[in-house]
Amino acid sequence: MVLLTTEFSAGGLAGMLIGVILGAIILGAIIGFFITRAMVKKQLKDNPPVTEKQIRAMYMSMGRKPSESDIKKTMRAMQQAKK
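For every chain, the first residue of the written sequence is number 1, and numbering continues from 1 along that sequence. Per-residue local features are limited, in this predicted model, to residues with pLDDT of at least 70; the limit for side-chain atom pairs, both in listing and counting, is 80 or more; totals at the level of whole chains, interfaces and linings are taken over all residues. Side-chain numbers come from the whole structure's heavy atoms, not from hydrogens or water.

By the naming in an unreviewed UniProt entry, the chain is YneF family protein, taken from Mesoplasma florum. Comment text from UniProt for the chain, heading Subcellular location (unreviewed entry), reads "Membrane". UniProt positions are given in the numbering used here, feature names are shortened, and annotations may be inferred rather than shown by experiment. Per UniProt, the comment on the chain under Sequence similarities (unreviewed entry) is "Belongs to the UPF0154 family."

Written as structure tokens, this is what we have:
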């Protein structure tokens, strides 16, 4: 019966350990990127950003014609509220 045994020198073992660690880091970064991208897409789908067109429609539904300064002021206020 022949057993396959491998003996590593200290340098070979250290090199293999560094390779495994680097491989795990790279694999983790790739998986993390795709998970994060999927989460951001889902967030944007569930909570889309408000546009000037939507603000204009909101003002019109309240019965007033918005000026451009009203729209810009509302956009700035919403951006400040997000911070």
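A. Inspection of the UniProt feature "transmembrane region" (unreviewed entry) in the chain at higher detail. Those residues carrying the UniProt feature "transmembrane region" (unreviewed entry) are residues 12-35 in this numbering. Helix makes up 100% of residues 12-35 and strand makes up 0%, while its end C-alpha atoms are separated by 34 Å. Helix and strand labels come from DSSP, where a helix needs a run of H or I of at least four residues and a strand needs a run of E of at least two; each type is numbered from the N terminus.

B. Representation of the domain arrangement of the chain in the model. Splitting the chain by domain gives domain 1 (12-47) and domain 2 (49-82). Centre-to-centre, using C-alpha coordinates, domain 1 lies 40 Å away from domain 2. For every domain, the bounds stem from an assignment made automatically or drawn from a database.

C. Expanded view of the pattern of salt bridges. Throughout this description, the term salt bridge denotes a Lys or Arg side-chain nitrogen within 4 Å of a carboxyl oxygen of Asp or Glu. Under the counting rule described, the total for this entry stands at four salt bridges. For K42, the salt bridge goes to D46, with nearest N and O atoms at 2.9 Å. One end of the pair, K42, and the other, D46, are both in helix α1 (residues 10-46), four residues apart, so they sit about a helical turn from each other. In this scheme, a residue with accessible area under 20% of its type's maximum is buried, one over 50% is exposed, and one in between is partly exposed, where area comes from a 1.4 Å probe on protein chains only. A relative accessible area of 53% places K42 in the exposed class. Residue classification places D46 among the partly exposed residues on the basis of a relative accessible area of 44%. Measuring nitrogen to oxygen at the nearest pair gives 3.0 Å for the salt bridge that ties K72 to E52.

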